[in-house]
Amino acid sequence: MGPDVPLLNDYKQEFVWKRFPQTLLGGPRLKLGYCAPPYVYVHQLVLFLTPWLLGGIGTLLYQLRVLDEAFAGVVSGVLMLGVGATLQGLARCMAHRTGVVERLPAANNILADEEEVEFTHCVAPETVHFVVPGKKFMGNVVLHTFLAGALCGLSTWYLLPDRLSGLYGHTGAGLGAVVPLFALSWMTVCIGEYSLIVNTATETATFQPQDTYEITPLTRPLYILTFITVDLALRFSGSGVVELQVAAQVLHILFVALPVLWALGMLSPLDALLLWAMEQTLVHGLGGSAMSTNIRLLVMFLSSVCVATCTFFIPSSLGVVLFTVAMGYLLSQDLTQLLVLVKGTSPTLGLGWWGLPLSLMLIIGALTEAGLLHQLYFINSGNLTSVEHWESSIVPPSPQEVVGWILLALFLLTRLLRELQGACVLGGAMVNPLYPKRVMTAQAFRQKTRGLRVAGIIRRILLNLVSPLAMIAFLSVDESLEKVHTASLAIGFTRAFRMVWQSSEAALLQMVLVVIIRLAGGHRVAHWNDLGTTVQLILVSLVVNRVSQFVCKLSFALTVLITSWTESKQRRQSAGTLLALNAALFPVLLGVVALSALLSAPLLPLFTLPVFLVGFPRPLRSWPGTPGTACPCPDSVYYQQLCKRLASAIRPAFANGAFGPCTPGSHYLGRFQGRLLWISVLERGYGYCTINIKGLELQETSCHTVEARRVDEVFEGAFDHVERPGQCFRLLNPHWGNVLTPCSLLPVRVYSDAQNVLTGIIDSPDHLRQLNSDFLKTFVWILLRHCVQELTRGAQRTKGHSLQTSGRKSQSSQLAVPSEPGPAVVKVDMDSHIRPESSSSSRLRGQDSSSLSSFADWSDEDDLFGPVPVRGPIRMMVRTEEGQTELGLGVSLPGSVEIHSLYESMALSSLPTLRPLGLGLGLGLPIVDKGKDNVPSLTSTTVPSNPQPLHFTSPHSELFSLPAEWQTAQLASSKLQVLRPCFPEAWFCFCLSQLVVESFGEGDIEQVTLGLQEDRDLRELYTQVVLSCCVALGADAQVFSPNLLFRLYCGDGPWTEGLEWLRANKELHQLTLRAFRYSVKLLVDQASLGPVESLDELYTTLQDYHDNWFIGLVTDRTWQDSVAQEKPFLFSLGHDLTMGTYTSRVLSLQENLVQVGALNEEGVRGQWANLSWELLYATNDDEERYSIQAHPVMLRNLTVQAADPPLGYPIYSSPPIHLRCL
């Protein structure tokens, strides 16, 4: 779409213009989209001014000296309490009267459907509900009412004219300044009271999508109470504290500006404010880290406060050192991993129980070093202070100065080694000449980065072992330890010793800056040396953090500003005007950027245009919920498989420094083929890091494609660096200024997706002619293997019931009970395996029958298609060697047809139409009508029954017998007769020989194989089943068409004579479909790699398909399961309707290189802040809105996708992942 797409559509523009005045005034709805009676506006205006009127009564009584200031405030508060209680009681009364009955809207327009109300009179229920909606919870009714009274009383006290005159009297401000201040301040109070007790406005600063517990009404009153608290502190201090007096004067001025700040969304809602305050205090005041969840943040904050409090009460400086070193190490660990160990599972990508003794050794060494240095080198207060040594050439250097030089060397060395690890250096401005270029395989990448990995290991040792010990030495000999009983130094030492572990790299930088300031003569600056080293570290930490944020925010602002003109597709008609305004008001722009950096708040580009606002302060995660929420779809499984593999590859990259400082709040973008991964750092401690990985959609929308193409170009510029002419510019990053900076390549075991057009293969008559033969061979192989799997799984279930068998015909055999099919093939010994009943046995003797009765309790409880009812012993008719029939007691076999009592006493020869193919062998019977004595014989159009039951000549043939239901197809005999020559008898014999070798243990394998291959009844059985399924599936065509092949592959073939029978036998249908899909895969492979030249090669190929491939459809559930289980290869067919071509898709699990780059974290926070404002306040959910359009420099569309739901829509989001990064 063009750059001038509307920022808001017409309906949303009208909606926002109605909502904004309500937000500005705190709740009164003075602008409606329809005509309303005047009393509706009068009611709201009177209620809005009520606090001022009630406060004016108290103010007047005080000014007339009827009451003192305290009682004047009490009077105003009690009056407001009564008004609030009356309003809330009236609202609840009207709500009970109306109940759930609601008036239907009178108009049909969209706006009326949402907001229009029909007013009948001034105190009607709908009028009261419109003006005072009431509270959902009774507790909030009481709380908000009392808070409204207290707020009015304290505001009366806060805004007394005499108080204002006394506060600003010495400044020369007269009555002309006090009166406007008094009036505008009461306007602020009225706005806060209205939102609390009458009707709450929708805030521009919205953190939660839904205000479930009615916290929003408390936001404005509590900000007012915060201002009043400072004035109360000044009153009770006797006005002797100059700082408090100056603060009170400034806050009285800001009090007037509160409505504007609320309307602009610069002040946080209470939940965001609380989380932000805890996070900032924990990071900069207590030495901790931003946490991955709100619960962890609260627990860590309280724990850190307790440690700092305990430090204050420790009497000995040595005790302080040992306690803070030990507690700093413990708090810098993720102790929840101990719970994982206790539960018996290994920590996520961690060291397991080995980490405990290693940690114990490290902390013991650190405590020993700290204690010895403190005792041996602690300088008494009477000696020369350490700062006097820093520039002296006569006095020998102090121990702290020596350690300071060591820290400086360590910092330079570790920073240099970190810069060498990444693909770009100097903040992304230049390409690293030492980083390998144009590597295509993971093995080549490892060979070329061997030197960089050695440098990374050296950096790890220096940063994780040497630097913490050196920093502990620096702090242990600090002279301010003797004054540790001040609150500031107790907090300072708690923070400093914890930062040594929590963030060693940041702590090293801060200590080096303190050392440099001292070397530069900073100790001569007034009050600097009096602060102490640890308080200096706190100040340096704040300055470094805010300066870093300022640089990132300014870079983001300039990117938005410049690209609004340079990118032609982003150039709106207003671009020139906005550029001119930003140039003219550039100092104001710098002030906005500086203020947002000072507050650690996001810089909000309104609608992602170069119109910048200060967003409200919020946690670094930007979202209120716990990471891990996504909008799943079938493609999510690819990211699920990739997630853990990627996390394993990220560990060494984080530890070596290839990703830069990697602080909480950092964001990275990974790219591999069509997949885009969003990696967020949530938490960082000593030797560990917690991250969240999101997967973005794989659909190639226009916006997604534009930005993905630019991402590829950015990575190609760094990893496939093309030499440019000129020595000065050949190493410059061509995409410097983009929010994405290339970092590293990661070898990851991931699915590579290859899609090919099958033109010339699937439509080739030569290839298609071979498909029928391949299908028959494949189906024979699958049926035989299925029998072996059924046998071996059944043998595992019933190995306690094994009976000895003989290979002679005269000996009886035992029934093999098949069980749930499985992929494993277990070898069975020929002399002890469970053998099915043979049709050639002489008769069932008594002992055999008693043995068979042990199977009466058999049931296939694990059957894939549902349980089979348990059957008791039945009478079985068995043909003897003399050709007579006898009745014997046996069990019902799965898949067999029971002969009921109607035929128990009849000979089989008298039942020609019911003559079975193999009674007692699990073979089926044709369908008959039991109510008729004379059943007509089958017509010539159907397959006739065998005139005699099957006589398996091999005692092992029953191992490969097929269920009875699979042999009951009523098909025309002419079709099967035509196909009989196509049955691959040589292949059938070859497969039997191979399976005998694989399935049986020691024994006379050659004799068994020969007996099976010569068994004609077994061959006839497979011929009938294979050809019947071939006809039923519709695969009996001499030459396939591409359309028919694709439909049969998808299981959606045309109707055939036996299709319903085949579908009724679900297991057989699945095996038939699998065989056809295998044959299609075989066709594609032979067309690409050459024909199969031998039976052994064909057998090996099919075995490879079975073991390493999933061949099916992308839409199948088993496809997703195979990806999650990391099946080595997956194959599917597709049809491109637009191009009219057939395609194949192959997923190959192999080690590939994933490209990863760092994103401008402030750019991400700024765009997410605008997304939150635009969707939660302006409700601009238009899918074609301007702020979601492709921006190749800001990556706007991808950033919106990566936001947490419901505002974003990643298709996969991992829970917080703990990584060990030592």
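Residues numbered from 1 in each chain as written. Predicted model: local features only at pLDDT ≥ 70, side-chain atom pairs only at ≥ 80, totals over all residues. Heavy atoms only, no water.

(A) Seen up close, the confidence of the model for the protein. Predicted confidence across the protein gives a mean pLDDT of 82, with 81% of residues reaching 70 or more. This model gives residues 380–389 a pLDDT under 50, and the stretch forms 16 contacts once residues within four places in sequence are excluded. Long-range and interchain partners of residues 943–948, a stretch whose pLDDT sits below 50, account for 18 contacts in this model, where long-range means more than four residues apart. (pLDDT = per-residue confidence, 0-100. Contact = heavy atoms within 4.5 Å.)

(B) Fine view of the nonpolar core. Counting residues in each nonpolar core, the largest one holds 75 residues, and the members touching the most others are Leu783, Phe960, Tyr1022 and Phe1076. Considering every element that reaches this core, the biggest residue donor is helix α26 (residues 765–797), with 13 residues. When neighbours within four sequence positions are excluded, Leu783 is seen to be in contact with Leu962, Trp966, Tyr1022, Val1025, Val1026, Leu1068 and Leu1071. (Core = buried A, V, L, I, M, F, W, Y, C linked by side-chain atoms within 4.5 Å. Buried < 20%, exposed > 50% of the residue type's maximum accessible area, 1.4 Å probe, protein only. Helix = DSSP H or I, 4+ residues; strand = E, 2+ residues; numbered from the N terminus.)

(C) Broad picture of helix α7 (residues 161–168). Where α7 is concerned, the buried positions are Pro161, Arg163, Leu164, Leu167 and Tyr168. For α7, the angular spread of buried residues about the axis comes to 160 degrees, placing them on one side. Those residues of α7 hidden inside the fold are in contact with α2 (38–63), α6 (138–158), α8 (175–197), α9 (216–236) and α10 (242–264). (Arc of directions from axis to C-beta.)

(D) View of the side chain of Thr1199. For Thr1199, the position within the fold is in helix α38 (residues 1196–1201). Under the relative-accessibility criterion, Thr1199 is labelled buried at 3%.

(E) Here's a closer look at the packing of aromatic side chains. In the structure shown here, the tally under the stated rule is 36 aromatic pairs. Their ring planes at 90 degrees and their centres at 6.4 Å tell us that Phe207 and Phe616 sit as a pair that is edge-to-face. Within this pair, whereas Phe207 is found in the loop between α8 and α9, its partner Phe616 is found in the loop between β4 (612–614) and α24 (636–656), the two being separated by 409 residues in sequence. Ring pairs connect the aromatic residues Tyr435, Phe445, Phe715 and Phe719, which therefore count as one cluster. Positioned above the aromatic ring of Phe1131 is the side chain of Lys1081, whose terminal nitrogen or guanidinium carbon lies 5.5 Å from the ring centre. (Phe/Tyr/Trp six-rings, centres within 6.5 Å; stacked < 30°, edge-to-face > 60°. Lys NZ or Arg CZ within 6 Å of the ring centre and 35° of its normal.)

(F) Here's a closer look at the packing of helix α31 (residues 1016–1033) against helix α34 (residues 1066–1089). Contact geometry of α31 with α34 gives a least axis separation of 11 Å together with a crossing angle of 80 degrees. Between α31 and α34, the crossing angle belongs to the class labelled roughly perpendicular. Contact residues: α31 offers Val1025, Cys1029 and Leu1033, while α34 offers Leu1068, Thr1072 and Phe1076. Split into classes, the residues belonging to the contact of α31 with α34 amount to five nonpolar, one polar and no charged. (Axes fitted to C-alpha atoms, helices over the stretch in contact; angles between N-to-C directions. Parallel < 35°, antiparallel > 145°, perpendicular 65-115°, else oblique. Nonpolar A, V, L, I, M, F, W, Y, C, P; charged D, E, K, R; others polar.)

(G) Region of the structure containing unusual backbone geometry. For the bond running from Pro1205 to Pro1206, omega is 10 degrees, close enough to zero to count as cis. Considering the arrangement of structural elements, one finds Pro1206 in the loop between α38 and β14 (1212–1213). Phi is positive for Arg65, which is not a glycine, with a value near 60 degrees. We note that Leu1195 has phi near 55 degrees; this positive angle belongs to a residue other than glycine. Residue placement: Leu1195 occurs in the loop between α37 (1161–1177) and α38.

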